[in-house]
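Chain residues, written in single-letter form:
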Amino acid sequence: MTSLLITDVRVLDPVAGTDAIASVGIRDGRIDHHDASLPSTRYDETISGHGLWLMPSAVDLAARFREPGATHKASLASETRAAQAGGIGCVVLPPDTSPVVDTPAMVDRIRGIAARSGGLDIEILGALTQGLKGEALASMSALKRAGCVGYSQAFAPLRDALVVRRALEYAHGLGQVIHVFAQDAALSNGGCAHEGPVGTRLGLPPIPVAAEVAALRLWISLVEDTGARVHFCRLSTASGAMLVESAQSRGLPITADVAAHQLFLTDADVEGFDAMTHVIPPLRATHDRDALRDALQRGVIGSICSDHQPHEADAKVDPFPMTEPGISALETLLPLSLRLVHDGILSPLEVAARLSLGPSQVLGRPAAALKSKAVANLVLVDPDAQWTLEPREFVSRGRNTPFAGYGFKGRVNLTLHAGQVVYRRA
């Protein structure tokens, strides 16, 4: 393991709340120097950090690596490399693999596959119900013992409110958090686009705002009864953000995240039936996007995630409603987040917090700090690098992105995992 010194770099540490120029030395996988002055000891490699930012690598709360069950789309090995290229140090995998992650054996199987690649922390959500069928609860205690950081139904609905309540009671007793994709299945009714003028004109089956609102109200009301912790995944509406803020103001143990693409795209981008914009939850109206930005800025939404869903090319060639939803998003998570800085929405320190501190708190894992003896899970960013996104250059096997041809400012130079360089931009 080589040692590394990064000099004269802007250090963003959301744990300490500091933003300052310093030199950071890394040895034996940990930070062994962090000071405005240069160290007296020698390092194997020295990098000038002038004009660059050093911050904790991102913790991505929602990324599908497609293994096991859909390796024609991607694999744990390919998407691990993509995460490293995107400055991500930890990903959370939902349980909707095939087979479903509803037994400790499946948790062990995924960890075994991931261990062959290394260089990335993998956290796993266990299925909330057996087979994600929404009826009988999975063996939640066994999944916790196997190392699951929480539970989720992914996109699958629960049978009724009684199952919701029982799931919350069990999770609360185990001290675990439930990750909830808030969308009422009856109201969404198999839709694929926001219920608004654009979707109506295009004749696309709608998913109304009410689908998110109804689901949020049910879960929040039962959190009030049970005291269980809930994390709402990938909010998409202004009304949803208001409900979360109201619940938080009453002291309920509720957190939320937003997918990076929801902070930039709107239902207007669906014009022309662009299948690359087919996502669930759907792209919403401009006022929804602006409300999500505002909630993120004020900390109501504490995390930005990629919602990475890589697909093979054929998955996006059918008529819009028949295409598979999702974006290959690991490698655009950080660039899109940096655009929030350039647009004046967040400060650099706030971006670092939404990408690492907030998600770490949701998972109950120690947040990465830039202090002496801390594990060096870090990303070195050039905030001024200008480049154009070409999907064929993705490390991910998924090329499905609506941002093809977009001009970005800011990208990853170097990703370190436990002090090892796992990605270096050529």
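Residues numbered from 1 in each chain as written. Predicted model: local features only at pLDDT ≥ 70, side-chain atom pairs only at ≥ 80, totals over all residues. Heavy atoms only, no water.

### Structural notes on the overall build of the chain
Of the regular secondary structure elements, the chain holds eleven helices and 18 strands. A compact globule built from 426 residues should have a C-alpha radius of gyration of about 22 Å, and the chain, at 21 Å, falls within 12% of that. If you line up the chain on its principal axes, its C-alpha atoms span 65 × 50 × 45 Å. Contacts spanning at least 24 positions in sequence make up 73% of the contacts within the chain whose residues lie at least 6 apart. Working note: accessible area of the chain is about 16200 Å², and carbon and sulfur atoms make up 50% of it. If the 39 positive side-chain charges of the chain are averaged to one point and the 45 negative ones to another, these points end up 4 Å apart. (Helix = DSSP H or I, 4+ residues; strand = E, 2+ residues; numbered from the N terminus. Rg over C-alpha atoms; globule rule 2.2 N^0.38 Å. Contact = heavy atoms within 4.5 Å. Areas by Shrake-Rupley, 256 points an atom, 1.4 Å probe, with all protein chains shown as cover. Lys, Arg positive; Asp, Glu negative; His and termini not counted. Charge placed at Lys NZ, Arg CZ, Asp CG, Glu CD.)

### Quick look at the nonpolar core
One broad rule of soluble globular proteins: the nonpolar side chains tend to lie buried together. With 97 residues, the main nonpolar core has Phe 65, Val 91, Leu 168, Ile 178, Trp 219, Phe 232 and Ile 304 as its most contacted residues. Dropping the residues within four chain positions of it, Val 91 is found in contact with Asp 60, Ala 63, Phe 65, Ala 83, Leu 120, Asp 121, Ile 122 and Glu 123. Counting 18 residues, the second largest nonpolar core, distinct from the first, contains Ile 6, Leu 52, Ala 374 and Leu 380. (Core = buried A, V, L, I, M, F, W, Y, C linked by side-chain atoms within 4.5 Å. Buried < 20%, exposed > 50% of the residue type's maximum accessible area, 1.4 Å probe, protein only.)

### Regarding unusual backbone geometry
Between Ser 98 and the following residue, Pro 99, the backbone shows a cis peptide bond with an omega angle of 5°. Mapped onto the secondary structure, Pro 99 falls in the loop between β7 (88-93) and α2 (104-115). In this model, Ile 280 is joined to Pro 281 through a cis peptide bond whose omega is 0°. Locating Pro 281 in the fold gives a position in the loop between β14 (254-259) and α9 (286-297). You will see that Asp 28, though not glycine, has its phi angle at about 55°, which is positive. Inspection of the secondary structure puts Asp 28 in the loop between β2 (18-27) and β3 (30-35). With a relative accessible area of 64%, Asp 28 lands in the exposed category.

### Concerning the packing of helix α10 (residues 333-342) against helix α11 (residues 348-363)
Two elements in contact, α10 and α11, have axes separated by 9 Å at closest approach and are oriented at 145°. Crossing geometry of α10 relative to α11 is assigned as right-handed. Residues Leu 333, Leu 334, Ser 337 and Val 341 of α10 touch α11, and the partners they reach there are Pro 348, Val 351 and Leu 355. Its residues assigned to classes, the contact of α10 with α11 shows six nonpolar, one polar and no charged. (Axes fitted to C-alpha atoms, helices over the stretch in contact; angles between N-to-C directions. Left-handed = near helix turned anticlockwise from the far one by under 90°. Nonpolar A, V, L, I, M, F, W, Y, C, P; charged D, E, K, R; others polar.)

### Here we look at the pairing of strand β1 (residues 4-13)
Taken across its ten residues, β1 has eight buried, putting it largely inside the fold. Note: β1 against β2, eight bridges, orientation antiparallel. Bridged to Val 11 within β2 is Ala 20. Hairpin remark: β1 followed by β2, antiparallel, with four residues in the connecting loop; positive phi at Gly 17, about 70°. (Pairing = 2+ DSSP bridges.)

### Thoughts on the environment of Thr 103
Mapped onto the fold, Thr 103 is located in the loop between β7 and α2. According to the relative accessible area criterion, Thr 103 is partly exposed, its value standing at 32%. Measuring from C-alpha to C-alpha, the distance between Thr 103 and Leu 128 comes to 11 Å, with 25 residues separating the pair along the chain.

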